[in-house]
Amino acid sequence: MRGVFLTLEGLDGSGKSTQAHLLQGFLEGQGLRVRLTREPGGGLPGVRDLLLGTELSPEAEYLLFSADRAEHVRKVVLPALEAGFWVVSDRYLDSSLAYQGYGRGLSLPWLLAVAQEATGGLKPRLTFLLDLPPEEALKRVKDPDRLERLGLPFFQRVREGYLRLAEAEPERFRVLDARKPVAEVQAAIRAALLPLLP
Ligand code: TYD
């Protein structure tokens, strides 16, 4: 594999998309070829509306995220990595572990078993977790209706889940305080990437 796979994770409103775009600019400035992508919708373009507009059981929700991910990995991420691109994905499997696992209570062993098949075991080289208290995340989102229906305790579980995932894999995760100014968060991301740059 010639490219490098990076992911951004965090609660809605944590600033992942802004950081992903800045990161793309930085990497391109280093002369690297970059493929910016996202989940949900990176693999099955129609799935985002279905997922965000429908009340689904957690199981169905996870299987849809997984179908999207299976396509995303095979049609977008792996081909780009094989062609030598740096792939930056706004969300990946850790979103499912945090939201469907810790948030909605699905069993982690089941999630991981499905994920092994869906992703073929592809893991990011580094994952940046933009950590934010849920109260702050809810204040920042533009469409709070959908999120508020899920309630604050849901987002507390998701945040805790993310932090546990990060604790379990410290060599892959970098946890950043998303309350800090955008430029400061971006500087921390760039610093973590320095050892990987050619
Ligand atoms: P989106 O509007 O794309 O949010 P964001 O800009 O914060 O990424 O909606 C994605 C939503 O889907 C977000 O609330 C997180 C959720 N999600 C999961 O619950 N599981 C997953 O596996 C993924 C990829 C996303």
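Scroll up to find the structure.
Fair warning: this is a prediction, and the values are worked out from it, not measured in the lab.

Some words on the sheet that holds strand S4 (residues 126-131)
Pairing is parallel in the open sheet, where 5 strands are placed in the order S2-S3-S1-S4-S5. In the strand order of this sheet, the two ends are held by strand S2 (34-38) and strand S5 (173-177), each with one partner. In this sheet, adjacent strand axes meet at a mean angle of 20° when their direction is disregarded. Inspection of the sheet shows strand S1 (residues 4-10) paired to S4 by 5 bridges, in the parallel sense.

Some words on the site of the ligand
Among the 15 residues in the neighbourhood of the ligand, the closest are listed as Asp12, Arg38, Arg48, Arg91 and Ser96. In the model, an oxygen atom of the ligand is placed 3.2 Å from a nitrogen or oxygen of the Lys16 side chain. One nitrogen or oxygen atom from the side chain of Arg48 is found 2.6 Å from an oxygen atom belonging to the ligand. The fraction of the free accessible surface of the ligand (550 Å²) that becomes covered by protein chains is 89%. For the shell around the ligand, the secondary-structure elements that each account for two or more residues are helix H2 (47-53), helix H3 (58-82) and helix H4 (93-103).

Considerations on the packing of aromatic side chains
Counted under the stated rule, the structure contains 5 aromatic pairs. A ring pair is formed by Tyr99 and Phe154, whose centres lie 6.1 Å apart and whose planes are at 55°; its orientation type is tilted. Of the two residues, Tyr99 is situated in helix H4 and Phe154 in helix H8 (residues 152-168); the sequence distance between them amounts to 55 residues. Between Tyr99 and Tyr162 the ring centres are 6.3 Å apart and the planes differ by 85°, which places this aromatic pair in the edge-to-face class. Of the two residues, Tyr99 is situated in helix H4 and Tyr162 in helix H8; the sequence distance between them amounts to 63 residues.

Re the pairing of S1
Where a strand is regular, its side chains alternate between the two sheet faces. Most of S1 sits inside the fold, with 7 of its 7 residues counted as buried. The two faces of S1 match: Val4, Leu6, Leu8 and Gly10 on one face and Phe5, Thr7 and Glu9 on the other face are all buried.

Considering H3
Between its first and last C-alpha atoms H3 spans 33 Å; for 25 residues at 1.5 Å apiece the expected length is 36 Å, and the two agree. Backbone geometry just downstream of H3 places Gly84 in the positive-phi region, at approximately 95°.

A short note on the environment of Phe65
Mapped onto the secondary structure, Phe65 falls in helix H3. Given a relative accessible area of 16%, Phe65 falls into the buried group. Residues contacting Phe65, with those up to four places away along its chain left out, are Pro40, Leu51, Ser96 and Gln100.

Let's talk about the environment of Asp143
Examined against the element boundaries, Asp143 turns out to sit in the loop between helix H6 (134-140) and helix H7 (144-150). C-alpha of Asp143 to C-alpha of Gly25: the two residues are 118 residues apart in sequence and 27 Å apart in space.

The rules behind each value
Residues numbered from 1 in each chain as written. Predicted model: local features only at pLDDT ≥ 70, side-chain atom pairs only at ≥ 80, totals over all residues. Heavy atoms only, no water. Pairing = 2+ DSSP bridges. Helix = DSSP H or I, 4+ residues; strand = E, 2+ residues; numbered from the N terminus. Axes fitted to C-alpha atoms, helices over the stretch in contact; angles between N-to-C directions. Near = heavy atom within 4 Å. Polar contact = N/O pair within 3.5 Å; in protein donor to acceptor, adjacent residues only side chain to side chain. Areas by Shrake-Rupley, 256 points an atom, 1.4 Å probe, with all protein chains shown as cover. Phe/Tyr/Trp six-rings, centres within 6.5 Å; stacked < 30°, edge-to-face > 60°. Buried < 20%, exposed > 50% of the residue type's maximum accessible area, 1.4 Å probe, protein only. Expected span 1.5 Å × (residues − 1). Contact = heavy atoms within 4.5 Å.

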